[in-house]
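# Structural features, examined
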Amino acid sequence: MASNDAGGEGAAARRAPEGPGWLVVAATFVGETSILAGQAAWLAMRGKFSLRETIRQMAAMGVDSIPIIMLTCAATGSVLAFYVADVLVRFGGAGFVGGMIALSFLLELGPVLAGVMVAARSGAAVAAEIGSMVVTEQIDALRMMSVPPVRYLVAPRVLACILMMPICGLFADMAGIFGGLVMASTHGVTQSAFMESIRTMATHADLMKGLAKTLWFGLTIAVVACHQGLNTQRGATGVGAATTRSVVLCVVFIFVSDFFLAQVLSGASASMR
Amino acid sequence: MSELRVAGLSYSVVDRLILKGVDLEVRQGEILAVMGMSGSGKTTLLRCIAGLIKPSQGSITVDGEDIVPMTETQLNRVRLRIGLVFQYAALFDSLTVRENVGFGPLQHRTKTPAAVAELVTSLLADVGMPGTEGMLPAELSGGMRKRVGLARALANEPGLLLYDEPTSGLDPVIARTIDDLIVETRDQRGVTSVVVSHDIPSIFRIADRVAMIDQGVIVETGTPTELRRSSDSRVRAFVDA
Ligand SMILES: Nc1ncnc2c1ncn2[C@@H]1O[C@H](COP(=O)(O)OP(=O)(O)OP(=O)(O)O)[C@@H](O)[C@H]1O
Ligand SMILES: [Mg+2]
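Here the structure is a predicted model, which means the values were calculated and not measured.

Another point: the pattern of salt bridges. The final tally for this structure, using the stated rule, is 24 salt bridges over all chains. In this structure, Glu 72 of chain B engages Arg 79 of chain B in a salt bridge whose closest nitrogen and oxygen atoms are separated by 3.3 Å. Note on Glu 72 of chain B: relative accessible area 7%, which makes it buried. Between Asp 240 of chain B and Arg 236 of chain B there is a salt bridge, with its nearest N and O atoms 3.0 Å apart. Of the two residues, Asp 240 of chain B and Arg 236 of chain B are both situated in helix H10 (residues 233-240); the distance of 4 residues between them amounts to about one turn of the helix. Here Asp 240 of chain B falls in the exposed class, since its relative accessible area comes to 52%. Through salt bridges with shared partners, one network takes in Glu 137, Asp 140, Arg 143 and Arg 234 of chain A together with Arg 47, Glu 72 and Arg 79 of chain B.

What follows covers unusual backbone geometry. For residues other than glycine, phi is negative in most cases, and the peptide bonds are mostly trans. Residue and element names in this part refer to chain B. Phi is positive for Val 14, which is not a glycine, with a value near 50°. Its place among the elements puts Val 14 in the loop between strand E1 (4-13) and strand E2 (16-26). For Val 14, a relative accessible area of 61% corresponds to the exposed category. We note that Arg 109 has phi near 55°; this positive angle belongs to a residue other than glycine. Examined against the element boundaries, Arg 109 turns out to sit in the loop between helix H4 (103-108) and helix H5 (113-126).

Here we come to the site of ligand 1. All names here are of chain B. Among the 14 residues in the neighbourhood of ligand 1, the closest are listed as Ser 38, Gly 39, Lys 42, Thr 43 and Thr 44. A distance of 2.8 Å is found between an oxygen atom of ligand 1 and a side-chain nitrogen or oxygen belonging to Lys 42. At a separation of 2.6 Å, an oxygen atom of ligand 1 approaches a polar side-chain atom of Thr 44. Bound to the protein, ligand 1 loses 62% of the 630 Å² it would expose on its own. Residue contributions to the shell around ligand 1 peak at 3 residues, all from helix H1 (residues 42-49).

A few words on the side chain of Lys 42 of chain B. All names here are of chain B. Its place among the elements puts Lys 42 in helix H1. One buried charged residue, Lys 42, forms no salt bridge at all, with the nearest opposite charge on Glu 165 at 4.2 Å. The residues touching Lys 42, leaving out its near neighbours within four places in the chain, are Val 34, Met 35, Gly 36, Met 37, Glu 165, Val 196, His 198 and Ile 213.

Right, let's get into helix H2 (residues 21-45) of chain A. Residue and element names in this part refer to chain A. Given a rise of 1.5 Å per residue, 25 residues ought to cover 36 Å, and the 36 Å separating the end C-alpha atoms of H2 matches this to within 8%. Here H2 has its buried residues at Val 24, Phe 29, Glu 32, Thr 33, Leu 36, Ala 37, Gln 39, Ala 40 and Leu 43. A positive phi of about 70° marks Gly 47, the residue just after H2.

As a further point, take the interface of chain B and chain A. On the side of chain A, 20 residues touch chain B, which itself brings 27 residues to the contact. Buried surface at the junction of chain B and chain A, summed over both partners, amounts to about 2,100 Å²; 55% is from carbon and sulfur atoms. On the chain B side of the contact with chain A, Leu 52, Glu 72 and Phe 92 of chain B bury the most area, a combined 24% of that side's loss. Seen at the junction of chain B and chain A, the total is 3 salt bridges. The tally of links between chain B and chain A comes to 9 residue pairs in polar contact (both at pLDDT 80 or more). Contributions of two or more residues to the side of chain B that touches chain A are made by helix H2 (72-79), strand E6 (82-85) and H4 of chain B. Residue contributions to the side of chain B that touches chain A peak at 4 residues, all from H4 of chain B. In terms of residue class, the side of chain B that touches chain A is made up of 14 nonpolar, 8 polar and 5 charged.

Turning our attention to a nonpolar patch on the surface. A surface patch of nonpolar side chains, amounting to about 470 Å² of accessible area, comprises Val 248, Val 252, Val 256, Phe 259 and Phe 260 of chain A. You can see Phe 260 of chain A is positioned in helix H9 (residues 238-272).

Residue and element names in this part refer to chain B. Here the magnesium ion (ligand 2) is held by the protein donor atoms Thr 43 (OG1) and Gln 87 (OE1), which lie 1.9 to 2.3 Å from it. One end of the pair, Thr 43, is in helix H1; the other, Gln 87, is in the loop between E6 and helix H3 (97-101), and 44 residues separate them in sequence. A relative accessible area of 25% means that Thr 43 is categorised as partly exposed.

The next thing to look at is the domain arrangement of chain B. Residue and element names in this part refer to chain B. Under the domain assignment, chain B is made up of domain 1 (1-81 + 159-241) and domain 2 (91-157). With centres defined by C-alpha atoms, the gap from domain 1 to domain 2 works out at 24 Å. Across the contact, 16 residues belong to domain 1 and 11 residues belong to domain 2. At the boundary of domain 1 with domain 2, total buried surface from both sides reaches about 1,100 Å², with 69% on carbon and sulfur atoms. The largest per-residue losses of area from domain 1 upon contact with domain 2 belong to Leu 80, Leu 181 and Arg 189, which jointly make up 38% of the total buried on that side. On the surface where domain 1 and domain 2 come into contact, there are 2 residue pairs in polar contact (both at pLDDT 80 or more). At 6 residues, helix H7 (residues 172-189) tops the list of elements feeding residues into the side of domain 1 that touches domain 2. When its residues are assigned to classes, the side of domain 1 that touches domain 2 shows 9 nonpolar, 4 polar and 3 charged.

Considering only enclosed or pocket space, the second largest pocket measures out at about 950 Å³ in volume. The wall of the second largest pocket is formed by 25 residues, among which Ser 50, Arg 52 and Tyr 152 of chain A together with Phe 103 and Gln 107 of chain B lie closest to the centre. Breaking the lining of the second largest pocket down by element, the ones donating at least two residues are helix H3 (51-90), helix H4 (97-135) and helix H6 (149-185) of chain A together with H4 of chain B. Its residues assigned to classes, the lining of the second largest pocket comprises 11 nonpolar, 4 polar and 10 charged.

Our next topic: the sheet that holds strand E5 (residues 65-66) of chain B. In spatial order, the strands read E2-E1-E4-E5 (chain B); together these 4 strands make up an open sheet with antiparallel pairing. Since the sheet does not close on itself, it has two edges, and those belong to E2 and E5 of chain B, each with one partner.

The rules behind these values
Residues numbered from 1 in each chain as written. Chains lettered and ligands numbered in written order. Predicted model: local features only at pLDDT ≥ 70, side-chain atom pairs only at ≥ 80, totals over all residues. Heavy atoms only, no water. Salt bridge = Lys/Arg side-chain N within 4 Å of Asp/Glu carboxyl O. Buried < 20%, exposed > 50% of the residue type's maximum accessible area, 1.4 Å probe, protein only. Helix = DSSP H or I, 4+ residues; strand = E, 2+ residues; numbered from the N terminus. Near = heavy atom within 4 Å. Polar contact = N/O pair within 3.5 Å; in protein donor to acceptor, adjacent residues only side chain to side chain. Areas by Shrake-Rupley, 256 points an atom, 1.4 Å probe, with all protein chains shown as cover. Lys, Arg positive; Asp, Glu negative; His and termini not counted. Contact = heavy atoms within 4.5 Å. Expected span 1.5 Å × (residues − 1). Buried area = accessible area lost by both parts, 1.4 Å probe. Nonpolar A, V, L, I, M, F, W, Y, C, P; charged D, E, K, R; others polar. Patch = residues over 30% accessible without salt bridge, like charges linked within 9 Å, V, L, I, M, F, W, Y side chains within 5 Å. Donors = N, O, S within 2.8 Å, 3.2 Å for Na, K, Ca; no water. Domains from an automatic or database assignment. 1 Å grid on protein atoms, 1.4 Å probe; cavity = no way out; pocket = protein on both sides within 12 Å on 5 of 7 lines; lining within 4 Å. Points joined across faces, edges and corners; volume = space filled by probe spheres on them. Pairing = 2+ DSSP bridges.

Structure below.
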C-alpha cells in the first residue's frame, strides 16, 4: 500500500516483480504494512484524525472484546489452577500456586489471549468493514472527496486498538487470576494463601512487561486488519478471504512476536537491575 | 468552470487493453455524453479522469494540469474540483443520507454545519428525495441511492462533474428530473460535465456533444444531430436500437 495507492489497485502492480514468490509477497507485505503504520503514526502525531471516530472505535473494540476475553481467561485460569494446584499441593508447594498462575497471566497468557481474542473479534470486524468498503467503491468515494482513507479509516482504528489493548490485557489478567483463585480454593489452596503467594512472587514490573506487549499487539492487529481490508479483491469472495487472512496473520504475528518480545523485555528488565 | 482534455489515453489490466488511445476534449461548461455498449470501457474512462486509476499511457489535463503523473496528495487537491457520480452510488453505508450528502463540506470545513444542513435539504429536494435526511443507505432503493450519490457529488460544488449512468435504473419521470438537474447545474454554475449513458433519448436531450466508444476506442464524436446522421455502423446500431 504505497501512499499514492490508497485504494484496491495494489494487486495488479504486485504481480509485477520477479523472484521467489513467497519472498516477494513477504517483503511487499512488510513494506506495505510498515508504510501504513508510519502514515497512521504521522497523522496521529499531528492530530490529523477524527477523535470522535477514535472513541467510537475504542468503544466498539472494548465492548466487542472484553466480555469474551474475560470468559476465555477465566476458563483458562481455572484449568491452569486445576492442573497446577493438584501437582504443587501433592509435592508441598501449595504456597506457589497463586504466584505461578499470576505470573503466567501477567507475563504471557493475559496479553496473548487478549491479543488473540481482539484479533478474532475486532481485527476481523475491521478487515470485513474496510473490505466491503473497497468492494462497494466507498474507498474510491472517499478518495473522490479528497479524504485519504488512511486518515479517515486507518489512523482512528490503529490508535483505538493500541489504546484499548492494555485495557483488554488488564481485564484478561484479572479474569485469569480470578478463575485460578476460584479453582485453587477447591483444590486445597486457601484464598489468603493464593493472594499471599501472588504478593511474594509477582511484581509490578511483571504487570508492566505484559501490558507493554499488548501495545505492540494492538498496533499489529489494527495495521494488519486495515491492510488486509484495503487490499480486498473485488468480487463476492474477496471480503471473506480478506477477513480470514487478517485473523490468521494477526494470530501468527502475535505468537511469533511474543517470542521475541519476551526475550527483549526480560533483557531490558535484567539490565535495569 | 473546468476544462478537460484527454489525449492518447490507454489503460490496461494485466495484458488486456481496455482503453486504446482515447482522445476527448470537453470545453468549459459543456456537457459531453459518452455512449457505448456494456463493457466498452466507459466506467474505466471516468475512473482514469477522476485519478482513481493510473492509465498506462496518455495525458489527462484538467484546467491545464496533467493529472496522470500526480501523487495521491496532489490529486486530492485537484479532486476538490472534480465530482464523480458512481454507477452504483457508492454511498457510505454507516452514515445517514444527511451525513453522506454533507460529507465533503463537513470534512473540509468549507461551510458551517448549519449551512451544510441547509444545503443538504435543498439538494435532496432537487434530486426528488425531500425528507430522507435521517435514512440509512440500506433503507433506500437502488434508484434512490443513485440520487443521493448525485446530491453528494453536487454538494462539493465541483467544476467538473463525471456522471456514470446517472439515469439507468430510474423510472422515466425521475430520469427526466435528473436530466433537467444535470442541465440546470451546468446553466447555473457553468459546470463542465461528462455523462456516461446508454439512454439515447436522455443523451439527445442534454448533450452538447456526444462521443461513441466501442471496445475502448472513440469511434465518433460530434453534436447529437451529427451522430444521428452518422454512417458508422456501430453508431447506427446504437442510435437506432
Ligand atoms: N479491474 C479490472 N480487471 C479486469 N478487467 C476489468 C477491470 N475493470 C474493468 N475491466 C474490464 O474492462 C472492460 C470495461 O469495463 P467498464 O466497467 O469500463 O465497462 P462499462 O463500459 O462501464 O460497462 P457498463 O456499461 O456495463 O457499466 C470490461 O470488459 C471489463 O471486463
Ligand atoms: Mg460502467
